[in-house]
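So the chains spell out like this:
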Amino acid sequence: MTSRSVIPIKNATEIEHMRQSGHALRSILDELRGMAQPGVTTREIDVRAGELIKAKGGKSPFLNYRGFPGNICVSVNEEVVHGIGGSRRIQYGDVVKIDAGLILNGWVSDSAITVPVGEIDPAVAKMLVASEESLMVGIAQARAGNRVHDISAAIEQYVVKRGYSVVREFVGHGVGRQLHEEPQVPNYGRAGTGAKLKAGMTICIEPMVNLGRPEVKILADGWTVVTTDGKPSCHVEHTVLITEDEPEILTCLGTTESKS
Ligand code: MG
Ligand code: MG
């Protein structure tokens with residue numbers, strides 16, 4: 001029996017599997033990004049994701065997860081996360097959050113992008129930049145010897161300082177053989193607390209940033225998380241490897257090359 005508090009450490013072979021999963025997922029997300037266009041339904045993006053995942057020889061870790069009906073999550077504007085592909089048509093000016101995962105050779109990667117459709121509200125465009133920056137600020141804290149909430153605190157401070165709020169009900173997580181492993185990686189918290197990070201840990205860091213209030217609720221479909229005030233939200237995510245040195249973004253192509 002494994003204790004709930006055990007954070008798996010991956011060996012070199014396992015890390016290479018995680019890297020391959022992450023790089024394949026990146027190419028899938030890059031293709032899906034181009035699909036977020038006016039008139040396209042969120043279901044069409046989900047269906048294409050299913051095809052791309054299959055073409056890689058992989059599986060979706062989201063499909064049937066606790067009954068989730070989609071290959072990926074597609075969430076628009078006030079929808080924060082866990083949107084189910086359906087008949088909603090993307091409109092000019094929307095922000096579309098595409099959250100995808102891949103199981104390749106038994107190893108899971110997980111990454112999300114927020115795509116602006118055409119010219120979006122400048123306030124939302126600014127928040128999107130801040131969200132992406134907060135992810136990088138969080139990743140910079142993902143170092144051996146640091147603690148989990150060093151990541152959390154860095155993200156929260158970056159976001160709140162700019163006048164936005166972070167969602168508290170949903171958090172980042174360890175990832176590997178399973179989609180959700182220890183530890184939880186909140187987007188808020190106190191620096192210097194939480195589990196100590198060690199080389200070989202793989203975690204998903206995923207700020208969910210709201211333009212208005214932090215509160216969210218779940219729609220009647222049982223999945224879609226929306227902001228309570230109806231204001232837009234951004235969500236970005238990477239799967240990250242803790243090393244003795246710089247963190248490696250596994251869901252980013254060329255990270256290892258650029259380090260040389
Ligand atoms: Mg995700
Ligand atoms: Mg995740």
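Okay, so let's go over this structure.

Rules behind the numbers
Residues numbered from 1 in each chain as written. Chains lettered and ligands numbered in written order. Predicted model: local features only at pLDDT ≥ 70, side-chain atom pairs only at ≥ 80, totals over all residues. Heavy atoms only, no water. Donors = N, O, S within 2.8 Å, 3.2 Å for Na, K, Ca; no water. Helix = DSSP H or I, 4+ residues; strand = E, 2+ residues; numbered from the N terminus. Buried < 20%, exposed > 50% of the residue type's maximum accessible area, 1.4 Å probe, protein only. Contact = heavy atoms within 4.5 Å. Pairing = 2+ DSSP bridges. Axes fitted to C-alpha atoms, helices over the stretch in contact; angles between N-to-C directions. Core = buried A, V, L, I, M, F, W, Y, C linked by side-chain atoms within 4.5 Å. Expected span 1.5 Å × (residues − 1). Phe/Tyr/Trp six-rings, centres within 6.5 Å; stacked < 30°, edge-to-face > 60°. Lys NZ or Arg CZ within 6 Å of the ring centre and 35° of its normal.

Quick notes on the coordination of the magnesium ion (ligand 1)
Here comes step 1: Bound to the magnesium ion (ligand 1) are the protein donor atoms Asp99 (OD), Asp99 (OD), Asp110 (OD) and Glu237 (OE), situated 2.0 to 2.6 Å from the metal.
Here comes step 2: Each donor residue of the magnesium ion (ligand 1) lies on one chain, and together they are spaced D-x10-D-x126-E.
Here comes step 3: A separation of 3.2 Å is found between the magnesium ion (ligand 1) and the magnesium ion (ligand 2), which share Asp110 as a coordinating residue. Of this pair, Asp99 sits in strand β3 (residues 95–104) while Glu237 sits in the loop between β12 (233–235) and β13 (238–241), placing them 138 residues apart in sequence. Both residues of the pair, Asp99 and Glu237, count as buried.

Here's the deal with the environment of Val40
Here comes step 1: Structurally, Val40 is set in the loop between α1 (12–33) and α2 (42–55).
Here comes step 2: Given a relative accessible area of 17%, Val40 falls into the buried group.
Here comes step 3: As a C-alpha pair, Val40 and Ser87 span 47 residues in sequence and 9.0 Å in three-dimensional space.
Here comes step 4: If we ignore the near neighbours within four places in the chain, the residues touching Val40 are Met35, Ile45, Arg88, Arg89 and Ile90.

Thoughts on the sheet that holds strand β10 (residues 216–218)
Here comes step 1: Ordered by their spatial adjacency, three strands build an open sheet running β2-β11-β10, and the pairing between neighbours is antiparallel. Edge positions in the sheet fall to β2 (79–81) and β10, since each of these pairs with one other strand and no more. Neighbour to neighbour, the strand axes of the sheet diverge by 40° on average, direction disregarded.
Here comes step 2: Pairing of β2 with strand β11 (residues 225–227), which is carried by two bridges, proceeds in the antiparallel orientation. Along β11, the bridge assignment pairs Val81 with Val225.

A look at the nonpolar core
Here comes step 1: Among the nonpolar cores identified, the biggest contains 27 residues, and Ala142, Ile151, Ile203 and Ile205 are the most heavily contacted of them.
Here comes step 2: Looking at this core, the elements with two or more residues in it are α3 (122–140), α4 (148–161) and β8 (202–205).
Here comes step 3: Looking at this core element by element, the count peaks at six residues for α3.

Focus on the pairing of β3
Here comes step 1: When you tally the buried positions in β3, you get nine out of 10 residues, the bulk of the element.
Here comes step 2: Here strand β1 (residues 73–76) pairs with β3 via four bridges, running antiparallel. Counted as the bridge partner of Cys73 is Asp99 from β3.
Here comes step 3: Inspection of the sheet shows β3 paired to strand β4 (residues 107–116) by 10 bridges, in the antiparallel sense. Residue Leu104 lies in a different strand from β4, and its bridge partner there is Trp107.
Here comes step 4: With antiparallel pairing between neighbouring strands as the criterion, β3 and β4 make up a hairpin whose turn holds two residues, including Asn105 at a positive phi of roughly 50°.

Section: α4
Here comes step 1: Look at α4: 20 Å from first C-alpha to last across 14 residues, which is about the 20 Å you get at 1.5 Å a residue.
Here comes step 2: Of all the residues in α4, the buried ones are Val148, Asp150, Ile151, Ser152, Ala153, Ala154, Ile155, Tyr158 and Val159.

Focus on the packing of aromatic side chains
Here comes step 1: Within this structure, the stated rule accounts for one aromatic pair.
Here comes step 2: Both rings, one in Phe68 and one in Trp223, keep their centres 5.0 Å apart while their planes meet at 85°; by these two values the pair is edge-to-face. With Phe68 in the loop between α2 and β1 and Trp223 in the loop between β10 and β11, this pair connects stretches of sequence that are 155 residues apart.
Here comes step 3: Looking at Trp223, the relative accessible area reads 19%, which means it is buried.
Here comes step 4: Between the NZ or CZ atom of Arg162 and the centre of the ring of Tyr158, over which it lies, the distance is 3.5 Å.
Here comes step 5: Note that Arg168 overlies the ring of Tyr188, its terminal NZ or CZ placed 3.8 Å from the centroid.

Thoughts on the coordination of the magnesium ion (ligand 2)
Here comes step 1: For the magnesium ion (ligand 2), every protein donor is listed as Asp110 (OD), His173 (NE2), Glu206 (OE) and Glu237 (OE), and the spread of their distances is 2.1 to 2.2 Å.
Here comes step 2: Considered as a linear motif, the donors of the magnesium ion (ligand 2) on their single chain read D-x62-H-x32-E-x30-E.

Regarding unusual backbone geometry
Here comes step 1: Note that the residue after Glu182, namely Pro183, is joined by a cis bond; omega there is 0°.
Here comes step 2: Examined against the element boundaries, Pro183 turns out to sit in strand β7 (residues 181–185).
Here comes step 3: Look at His82: it is not a glycine, yet its phi comes out positive at around 65°.
Here comes step 4: For His82, the position within the fold is in the loop between β2 and β3.
Here comes step 5: For Asn105, which is not a glycine, the phi torsion comes out positive at approximately 50°.
Here comes step 6: Turning to its location among the elements, Asn105 is positioned in the loop between β3 and β4.

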